[in-house]
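# Structure assessment
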Amino acid sequence: MADTNNPQAAFLDSLKRNNDKIRDDRANAIAEDAQLMYKRETEDLALSLKRLKREQENMLDMSPTDANSLVLASDFDAKDYVAKDLEMAVKIRNLEIKLELAKKRYAYLFGAKIEEL
């Protein structure tokens with residue numbers, strides 16, 4: 001153990017570490033970095049999924065200015081609406097698959113479970 005009263009002790013202790021300790025320290029640092037980045041990526045996927053679902057739900061709001069107004073039939077482009085809705089549905093499904101796979105891989109790689117996001 002390093003002597004905190006002697007700043008040179010930590011350096012000397014570091015030089016005296018054996019190969020197993022050095023490899024163990026490196027392995028721990030690599031695993032910790034990978035685990036944190038994997039978890040962050042999974043959380044980002046979950047956030048993107050929530051936002052996309054919210055955006056798709058907001059497409060159902062046909063009140064352009066307030067709760068009492070409604071889009072005029074002549075202003076509504078059904079083909080455009082359907083295309084955008086289906087495009088969003090595909091993006092949502094792809095994100096759901098990616099998120100599910102990320103959670104499974106995280107559990108496999110790090111032996112821990114990511115709670116519902």
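Residues numbered from 1 in each chain as written. Predicted model: local features only at pLDDT ≥ 70, side-chain atom pairs only at ≥ 80, totals over all residues. Heavy atoms only, no water.

### Digging into the overall build of the protein
Of the regular secondary structure elements, the protein holds three helices and zero strands. Going from N to C terminus, the protein has its helices and strands arranged as α-α-α. Classification of the 117 residues of the protein by burial places 15% in the buried group. Here the contacts in the protein between residues at least 6 apart in sequence split such that 68% fall between residues at least 24 apart. (Helix = DSSP H or I, 4+ residues; strand = E, 2+ residues; numbered from the N terminus. Buried < 20%, exposed > 50% of the residue type's maximum accessible area, 1.4 Å probe, protein only. Contact = heavy atoms within 4.5 Å.)

### Comments concerning the pattern of salt bridges
Following the criterion strictly, the structure yields seven salt bridges and no others. Among the ionic pairs, Asp25 bridges to Lys21, the shortest N-O distance being 3.1 Å. With Asp25 and Lys21 both in helix 2 (residues 19–58) and four residues apart, the pair spans about one turn of that helix. Shared partners join several salt bridges into a network, and the residues in it are Arg17, Lys21 and Asp25. (Salt bridge = Lys/Arg side-chain N within 4 Å of Asp/Glu carboxyl O.)

### As for the nonpolar core
The tendency in soluble globular proteins is for nonpolar side chains to be buried side by side. Counting residues in each nonpolar core, the largest one holds ten residues, listed as Leu45, Ala46, Leu49, Leu52, Met59, Met88, Ile92, Leu95, Leu99 and Ala102. Put simply, the parts of the chain that give this core at least two residues each are helix 2 and helix 3 (78–110). Examining the composition of this core, we find that five residues originate from one element, helix 3, more than from any other. Excluding residues that lie within four positions of it along the chain, Leu95 makes contacts with Leu45, Ser48, Leu49 and Leu52. (Core = buried A, V, L, I, M, F, W, Y, C linked by side-chain atoms within 4.5 Å.)

### Quick notes on helix 3
Between the first and last C-alpha of helix 3 there are 47 Å, a value that for 33 residues agrees with the 48 Å anticipated at 1.5 Å per step. Along helix 3, the positions that sit buried rather than exposed are Met88, Ile92, Leu95, Leu99, Ala102, Lys103 and Tyr106. Close packing links the buried residues of helix 3 with helix 2. If you check the start of helix 3, you find a side-chain oxygen 3.3 Å away from the backbone N of Lys79, and it comes from Asp77. (Expected span 1.5 Å × (residues − 1). Polar contact = N/O pair within 3.5 Å; in protein donor to acceptor, adjacent residues only side chain to side chain.)

### Things to note about a nonpolar patch on the surface
Together, Phe11, Leu12 and Leu15 line one region of the surface with nonpolar side chains, adding up to about 340 Å² of accessible area. Within the secondary structure, Leu15 is located in helix 1 (residues 7–16). We classify Leu15 as exposed; its relative accessible area is 58%. (Patch = residues over 30% accessible without salt bridge, like charges linked within 9 Å, V, L, I, M, F, W, Y side chains within 5 Å. Areas by Shrake-Rupley, 256 points an atom, 1.4 Å probe, with all protein chains shown as cover.)

### Section: helix 2
Here helix 2 spans 58 Å end to end across 40 residues, near enough to the 58 Å set by a 1.5 Å rise per residue. Considered for burial, the residues of helix 2 that qualify are Ile22, Thr42, Leu45, Ala46, Leu49, Leu52 and Gln56. Residues of helix 2 that are buried sit in contact with helix 3. In this structure Asn18 caps helix 2, since a side-chain oxygen of it lies 3.2 Å from the backbone nitrogen of Asp20.

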